[in-house]
Amino acid sequence: MADAQVLLLATLDTKAGEAEFLSRQLARHGVESRSIDLSLSADGAILGGPEKLKSMETAAARALDAVTASLNGDARVVLGLGGGTGGEVALRVMRALPVTYPKVLVTTLPFDPRLAVADSSIILVPTLVDICGLNATLREVFENTAALAAGLCRTRRRAGACTADPSIGITALGATETAVTALVSELQSRGRESTVFHSNGYGGAALARFAERGALGAIIDLTPHELTRIHLAGSHVPMPNRFSAGAQLPRIVLPGGLNFIGLGEESLLPERYLDRPHYAHSGFFTHVKLVEEEMLVIADALADSLNTNSGPAALIVPMGGFSHQDRAGGLIEDPALRQVFLKRVRDSLDREIGVNVLEAHISEPETTQAIIDTFERFASG
């Protein structure tokens, strides 16, 4: 009998029947599986508070040891099955695995999963119903999951995945997409690979993890918009190393998206935000222009992060506008706010950090060329 290709994580004290059914579905596809128990070993006791959290940590550590021991064998996929508690324990195990290693979580999702998947590749399969006894819905979900996992097992992974050096990490948003697309194209024409991270309060966590694991050769933080989420408002996951990870790398920074706060649906916003210039970026997100006091906070935070970079660093400031709606006729255009930013960073940055001030908009070719020129100067030496 072959070694297990799928490592099936589940709380077997409560989900043994469901795990067994999923295992049988995998076998139908010719895939061997091995169950790893995530149970809290409570012996029927109802745990709560610190005691339960400690038991969850112990279960996750125990399961991680078992998974890690199998990664160099035939294991191809880690497949988790769980509700609120079991799903969270499975996520803790999965987040500790290599970033792009195939990981699938089948769960009721009674929690916000964005924290767990912000910096790790995890496929989420919602069960739609509770995992409490088999029924027609769960059987179909498990059958689909088995087919998905079987497909992953048959895909040969290239050794060294997620070690993309000399890939260049670039940050982006829809509000800076034109600038990023042009930059990626220019780098590609020079034979340089780019890895773009969505600076939406979650993608920055992935940027930091990639930088810490040596997957990036340089960082072009074209859209450090997450500063506004961290210091002012907006939804984001904890990312204390968003602006410090990879401090030894060459770093080029622009103020992309620093002129607005990314908030939720317009109908749900407090009046203090609706009183400012704003616009609906989509049905779910509203961009609200910063006021001067907020821009000073952001400028200081950006300067502080650049001052701690041990590698070569530069700031490029396109005074024609920091985002697609910060330009002539734009919905949150504000040349005075850009001047506030520029004056503050000039006062706060260490003298050895170059500041290149352009008259162009962030999305114009002149800005792209300035980035390329700076990058090539750093690369040469």
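That block above? That's the structure.
As the structure is a computational prediction, the values presented were derived from the model and not from experiment.

(A) Main features of the nonpolar core. Counting residues in hydrophobic clusters, the biggest one holds 30 residues, and the most contacted among them are Leu315 and Phe341. If you list the elements that add at least two residues to this core, you get strand 10 (260–263), helix 10 (292–307), strand 13 (313–318) and helix 11 (335–348). It is helix 10 that provides the largest number of residues to this core, a total of 7 residues. If we ignore the near neighbours within four places in the chain, the residues touching Leu315 are Val253, Leu254, Leu302, Leu306, Val345, Leu349, Ile353, Gly354, Val355 and Asn356. Ranked by size, the runner-up nonpolar core spans 23 residues in total, among them Leu7, Ala59, Ala60 and Val89.

(B) Highlighting the pattern of salt bridges. Enumeration over the complete set of coordinates arrives at 12 salt bridges. The residue Asp119 makes a salt bridge to Arg95 at a minimum N-O spacing of 3.1 Å. Within this pair, whereas Asp119 is found in the loop between helix 4 (114–117) and strand 5 (123–126), its partner Arg95 is found in helix 3 (residues 84–95), the two being separated by 24 residues in sequence. For Asp119, a relative accessible area of 13% corresponds to the buried category. Note that Lys343 and Asp347 form a salt bridge whose closest N and O atoms lie 3.1 Å from each other. Pair noted here: Lys343 and Asp347 are both in helix 11, with a separation of 4 residues, about one helical turn.

(C) Region of interest: the packing of helix 2 (residues 49–70) against helix 3. In the contact formed by helix 2 and helix 3, the axes pass within 9 Å of each other and the chain directions differ by 50°. Classified by the angle their axes make, helix 2 and helix 3 are oblique. Helix 2 and helix 3 meet at a crossing whose hand is right-handed. On the side of helix 2, the interface is formed by Lys52, Leu53, Met56, Glu57, Ala59, Ala60, Ala63, Leu64 and Val67, while helix 3 contributes Thr85, Glu88, Val89, Arg92 and Val93. Here the residues of the contact of helix 2 with helix 3 sort into 9 nonpolar, 1 polar and 4 charged.

(D) Spatial organisation of helix 3. Taking 1.5 Å of rise per residue, the 12 residues of helix 3 would be expected to cover 16 Å, and the 16 Å separating its terminal C-alpha atoms lies within 8% of that figure. Buried positions along helix 3 lie against strand 1 (6–10), helix 2, strand 3 (77–82), strand 4 (103–107) and helix 4.

(E) Geometry of the sheet that holds strand 9 (residues 251–253). Strand order in this open sheet of 6 strands is 7-6-8-9-13-14, and the pairing throughout is parallel. Two strands lie at the open edges of the sheet, namely strand 7 (194–198) and strand 14 (354–358), each paired on one side alone. Averaged over all pairs of adjacent strands, the angle between strand axes in this sheet comes to 15°, irrespective of strand direction. Bridge count for strand 8 (residues 218–221) against strand 9 is 3 bridges, and the pairing is parallel. Its bridge partner being in strand 9, Asp221 is matched across the sheet by Val253. Contacts between helix 6 (residues 177–189) and the sheet are confined to strand 6 (168–172), strand 7 and strand 8, with strand 6 contributing the most and set at about 165° to the helix. The strands touched by helix 7 (residues 203–212) within the sheet are strand 6, strand 7 and strand 8, with strand 7 carrying the most contacts at an inclination of about 145°.

(F) Highlighting the sheet that holds strand 11 (residues 278–280). Strand order in the open sheet made by the 3 strands is 10-12-11, with antiparallel pairing throughout. Two strands close off the open sheet at either side, each with one partner strand: strand 10 and strand 11. With strand direction ignored, the average angle separating the axes of adjacent strands in the sheet is 20°. Pairing of strand 10 with strand 12 (residues 286–289), which is carried by 4 bridges, proceeds in the antiparallel orientation. Of the residues in strand 12, the one forming a bridge with Phe260 is Lys289.

(G) Representation of the side chain of Arg229 within the structure. By secondary structure assignment, the location of Arg229 is in helix 8 (residues 226–231). Side-chain polar atoms of Arg229 contact the side chain of His225, separated by 3.3 Å. When near neighbours in sequence (up to four residues on either side) are disregarded, Arg229 contacts Ser199, Asn200, Gly201, Gly234, Ser235, His236 and Gly262.

(H) Seen up close, the pairing of strand 12. With burial as the criterion, each face of strand 12 is covered, one bearing Thr286 and Val288 and the other bearing His287 and Lys289. Pairing of strand 11 with strand 12 involves 3 bridges; the strand directions are antiparallel. The partner of His278 across the bridge, within strand 12, is Val288.

(I) Looking closely at the packing of helix 1 (residues 12–28) against helix 5 (residues 136–153). Remark: helix 1 packs on helix 5, axes separated minimally by 9 Å, with the N-to-C direction vectors making an angle of 45°. Classified by the angle their axes make, helix 1 and helix 5 are oblique. Every pair of crossing elements has a handedness; the one defined by helix 1 and helix 5 is right-handed. Mapping the contact onto sequence places Glu18, Phe21, Leu22, Gln25 and Leu26 in helix 1 and Arg139, Phe142, Glu143, Thr145, Ala146 and Ala149 in helix 5.

(J) Spotlight on helix 11. Between its first and last C-alpha atoms helix 11 spans 20 Å; for 14 residues at 1.5 Å apiece the expected length is 20 Å, and the two agree. The set of residues buried in helix 11 consists of Leu337, Arg338, Val340, Phe341, Leu342 and Val345. Where the residues of helix 11 are buried, they touch strand 12, helix 10, strand 13 and strand 14. One side-chain oxygen of the residue at the start of helix 11 lies 3.1 Å from the amide nitrogen of Ala336, identifying that residue as Asp334.

Parameters at a glance
Residues numbered from 1 in each chain as written. Predicted model: local features only at pLDDT ≥ 70, side-chain atom pairs only at ≥ 80, totals over all residues. Heavy atoms only, no water. Core = buried A, V, L, I, M, F, W, Y, C linked by side-chain atoms within 4.5 Å. Buried < 20%, exposed > 50% of the residue type's maximum accessible area, 1.4 Å probe, protein only. Helix = DSSP H or I, 4+ residues; strand = E, 2+ residues; numbered from the N terminus. Contact = heavy atoms within 4.5 Å. Salt bridge = Lys/Arg side-chain N within 4 Å of Asp/Glu carboxyl O. Axes fitted to C-alpha atoms, helices over the stretch in contact; angles between N-to-C directions. Parallel < 35°, antiparallel > 145°, perpendicular 65-115°, else oblique. Left-handed = near helix turned anticlockwise from the far one by under 90°. Nonpolar A, V, L, I, M, F, W, Y, C, P; charged D, E, K, R; others polar. Expected span 1.5 Å × (residues − 1). Pairing = 2+ DSSP bridges. Polar contact = N/O pair within 3.5 Å; in protein donor to acceptor, adjacent residues only side chain to side chain.

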